[in-house]
Amino acid sequence: MGGRRFDAVVVGGGPNGLAAAIELAGAEWSVLLLEAEETIGGGCRTAELTLPEFRHDVCSAFHPLGVASPFLRSLPLADLGVEWVHPGVPLAHPLDDGRVAVLHRSLEETAAALGEDGKAYRKLLGPAVSAGDDLVRELLGPLRIPRHPVAMARFGLTGLRSMAALARGRFEDQPARALLAGLGAHSFLPLEQVPTAAFGLALGLLGHLAGWPVPKGGSQRIADAMAAHLRGLGGEIQTGMRVRSFAELPSAKAYLFDVTPRQLARIAWDRLPSGYRSRLERYRYGPGVFKMDWALDGPIPWKAEACLAAGTVHLGGTLDEIAAGEAAVWRGEHPDRPFVLVGQQSLFDPTRAPEGKHTVWGYCHVPNGSTVDMTGQIEGQLERFAPGFRDLVLARSLMPPAEVERHNENCVGGDINGGVQDLRQLFARPTARWSPYTTPADGIYLCSSSTPPGGGVHGMCGYHAARAVLRRGR
Ligand SMILES: Cc1cc2nc3c(=O)[nH]c(=O)nc-3n(C[C@H](O)[C@H](O)[C@H](O)COP(=O)(O)OP(=O)(O)OC[C@H]3O[C@@H](n4cnc5c(N)ncnc54)[C@H](O)[C@@H]3O)c2cc1C
């Protein structure tokens, strides 16, 4: 950097690093963003992982948090090339008996399709849907005294439970229970743990309020748009720059790290007080993912046709089965029939694959750092609900946890959320501090998904970190 000085240096160009850099550059700070990989975007990238012209989302695929994020909504994303494509319905969850639970955009349609459980579904999610954007803003904010206490209290009372207890207590029949179980499993926690219900309800709520869209062309479009916006504000980006120690960084007033706590401890070792550093080193990472992508010769041959309307399909059967699988992963085991999240982006965005061909994205949860090949188990679940799936496979890409981490070193042991999001690490993320984005070292901040509100492509961690910097002044 030839002795140059910046107001702020951001290390890491995921959605949160980009968001932090944009917020600071927008306040007329001179900003340099350093990214280890050759492409910008972190967990928000797209690449030809299988065959030429098949464009796969390497990490994030569906963006309920992206369309709902107050920060991303404040950017001119459409002018910068982001076109949201909404699948026919956000989510389908098939069962062995042929029934399918469907999360529609409309609360009413979802409830109506759940038969005798419809009334309970309406009662469960109706108040949150009515609270709308106010509630979303609270959920994507740092922990603080709520600005909408009634909506938050109501959501908190229901959400601060386990999804297993909530779904069993509220619903009589398998489809509604399974739908809720699949939503809760996005937390990576056993479904008997608090606050799995909050995760599940938030995702369902976003399905109704904002949908679960994909960006036309792939998730890379979001990162590219953010990078273009940053450059437009005068920010500089340097890719291919893996920061190993503080000494490599140019002089700046503020340093914001889009990395996880243990990485920050290593990079800023001699700058951080030892007590804080050891708390960062004790930070807990969660289960990993075994991720797969397929190039297919046609659409997935679902037994239940309703699945063809959905962007995302949850495979794992009943609540009991999903709960057992997630609990096994938490204990360090590999279930034979894991819960599998499937994305079929090319059904709704034809730019992802050559005409008549398709891309499929999917993963299951595995113990952190697992080296077990889950190809058979994942494809077994696809064959269970879509017999003949394997016959359509033209090529497949496997990303076990080590490979996920090789693509992005923030995915420690394959953890895609920047650390466990259980009750303790939700409230004290990464450690218990009034402003979790600050550190005891002057001018050093954390802005990754290891800070509130946690994982997902929303940029809110970066935005809140930048606001903490701006509050302290230049
Ligand atoms: C398989 C998978 C599926 C996912 N699906 C979804 C989804 O459908 N929807 C959704 O909303 N979210 C999804 N996510 C989660 C989402 O991708 C992350 O939560 C989000 O990207 C976190 O953003 P971030 O900016 O905090 O970190 P990241 O996106 O992880 O970015 C961190 C960046 O920092 C860089 N970096 C790290 N260390 C250094 C260093 N020392 N020097 C320089 N640069 C460094 C990395 O290369 C990376 O680019 C998924 C993630 C994965 C892996």
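Residues numbered from 1 in each chain as written. Predicted model: local features only at pLDDT ≥ 70, side-chain atom pairs only at ≥ 80, totals over all residues. Heavy atoms only, no water.

How do you make sense of a nonpolar patch on the surface when you look at a structure like this?
Where nonpolar side chains cluster on the molecular surface, the patch consists of Leu160, Leu423 and Phe427 and spans about 280 Å² of accessible area. On the secondary structure map, Phe427 appears in helix 16 (residues 423–427). (Patch = residues over 30% accessible without salt bridge, like charges linked within 9 Å, V, L, I, M, F, W, Y side chains within 5 Å. Areas by Shrake-Rupley, 256 points an atom, 1.4 Å probe, with all protein chains shown as cover. Salt bridge = Lys/Arg side-chain N within 4 Å of Asp/Glu carboxyl O. Helix = DSSP H or I, 4+ residues; strand = E, 2+ residues; numbered from the N terminus.)

I'm lost on the sheet that holds strand 12 (residues 310–315) in this one. Help?
One key point about sheets: their strands pair by backbone hydrogen bonds, in either a parallel or an antiparallel sense. Ordered in space as 7-6-12-13-14-11-15, the seven strands form an open sheet in which the pairing is mixed. Sheet topology places strand 7 (100–103) and strand 15 (393–399) at the edges, where each strand pairs with a single neighbour. For this sheet, the mean angle separating the axes of adjacent strands, direction not counted, is 20°. Sheet topology note: the strand 11 (residues 288–296)/strand 14 (residues 358–366) ladder contains nine bridges and is antiparallel. (Pairing = 2+ DSSP bridges. Axes fitted to C-alpha atoms, helices over the stretch in contact; angles between N-to-C directions.)

What should I look at first to understand the packing of aromatic side chains in this one?
The description of an aromatic ring pair rests on the distance of the ring centres and on the angle between the ring planes. One pass over the full model with this rule turns up seven aromatic pairs. Ring geometry for Trp361 versus Tyr363: centroids 5.4 Å apart, planes at 70°, classification edge-to-face. Note on accessibility: Trp361 and Tyr363 belong to one class, buried. When the ring centre of Trp269 is taken as origin, the NZ or CZ atom of Arg277, which lies over that ring, is 3.8 Å away. (Phe/Tyr/Trp six-rings, centres within 6.5 Å; stacked < 30°, edge-to-face > 60°. Buried < 20%, exposed > 50% of the residue type's maximum accessible area, 1.4 Å probe, protein only. Lys NZ or Arg CZ within 6 Å of the ring centre and 35° of its normal.)

Whenever I open this one, the sheet that holds strand 9 (residues 236–238) confuses me. Can you help?
Spatial ordering of the open sheet is given by 9-2-1-10-16, a layout of five strands whose pairing is parallel. Strands with a single pairing partner mark the edges of an open sheet, and in this sheet they are strand 9 and strand 16 (444–446). Pairwise comparison of adjacent strand axes, ignoring direction, gives a mean angle of 20° for this sheet. Across three bridges, the pairing between strand 2 (residues 31–34) and strand 9 is parallel.

Before we go on, may I ask you to explain the site of the ligand in this structure?
As a structural note, the neighbourhood of the ligand is formed by 36 residues, with Glu35, Gly43, Phe62, Asn408 and Gly456 the closest of them. Residue Asn16 places a side-chain N or O atom 2.8 Å away from an oxygen atom belonging to the ligand. A distance of 2.8 Å is found between a nitrogen atom of the ligand and a backbone nitrogen or oxygen belonging to Phe62. Relative to its unbound accessible surface of 990 Å², the ligand loses 95% to contact with the protein. Contributions of two or more residues to the shell around the ligand are made by helix 1 (15–26), helix 11 (261–267) and strand 14. Per element, the largest residue contribution to the shell around the ligand is three residues, and it comes from helix 1. Of the residues belonging to the shell around the ligand, the class tally is 15 nonpolar, 15 polar and six charged. (Near = heavy atom within 4 Å. Polar contact = N/O pair within 3.5 Å; in protein donor to acceptor, adjacent residues only side chain to side chain. Nonpolar A, V, L, I, M, F, W, Y, C, P; charged D, E, K, R; others polar.)

It is not clear to me how empty space enclosed by the protein should be interpreted in this structure. Could you clarify?
Which parts of space are left empty comes out when a probe the size of a water molecule is rolled across the atoms. Considering all chains together, one arrives at one cavity of 30 Å³ or more under this definition. Here the largest cavity is characterised by a volume of approximately 60 Å³. Every residue along the wall of the largest cavity is listed here: Ser187, Phe188, Leu189, Gly286, Pro287, Trp330, Asp415, Ile416, Asn417, Gly419, Val420 and Gln421. Its residues assigned to classes, the lining of the largest cavity comprises six nonpolar, five polar and one charged. (1 Å grid on protein atoms, 1.4 Å probe; cavity = no way out; pocket = protein on both sides within 12 Å on 5 of 7 lines; lining within 4 Å. Points joined across faces, edges and corners; volume = space filled by probe spheres on them.)

How do you make sense of helix 14 (residues 375–385) when you look at a structure like this?
Counting along an α-helix, one turn takes 3.6 residues, and residues three or four places apart therefore face a common direction. Counting buried positions along helix 14 gives eight out of eleven residues, so the element sits mostly inside the fold. Inspection of helix 14 places Thr375, Gln377, Ile378, Glu379, Gln381, Leu382, Arg384 and Phe385 among the buried residues, and these make up the whole buried set.

Teacher, can you tell me more about the side chain of Gln220 here?
Mapped onto the elements, Gln220 comes out in helix 10 (residues 220–232). Polar contacts involving the side chain of Gln220 include one to the main-chain carbonyl oxygen of Ile40, which spans 3.0 Å. Every residue in contact with Gln220, bar those within four places of it in the chain, is listed here: Ile40, Cys44, Arg45 and Thr46. (Contact = heavy atoms within 4.5 Å.)

In this structure, what is going on with the pairing of strand 10 (residues 251–257)? I would like to understand it.
Regular strands place side chains that alternate from one sheet face to the opposite one. Among the seven residues of strand 10, five are classified as buried, and the element is accordingly described as predominantly covered. Bridge analysis of strand 10 against strand 16 gives three bridges, and the strand direction is parallel. Bridge pairing in strand 16 links Tyr255 to Ile444.

What should I look at first to understand the pattern of salt bridges in this one?
Opposite charge on two side chains allows them to pair when their charged atoms are near. A full pass over the atoms with the stated rule returns 22 salt bridges. Across the pair Asp57 and Arg352 runs a salt bridge whose closest N-O atoms are separated by 3.1 Å. Of the two residues, Asp57 is situated in strand 4 (residues 56–57) and Arg352 in the loop between strand 13 (340–343) and strand 14; the sequence distance between them amounts to 295 residues. Take Asp57 and Arg352: they sit in the same class, and that class is buried. Between Glu403 and Arg406 there is a salt bridge, with the nearest N and O atoms lying 2.8 Å from each other. Note that Glu403 and Arg406 are positioned in helix 15 (residues 401–407) at a spacing of three residues, about one turn of the helix.

Bear in mind that shape data such as this cannot, by itself, settle questions of function.
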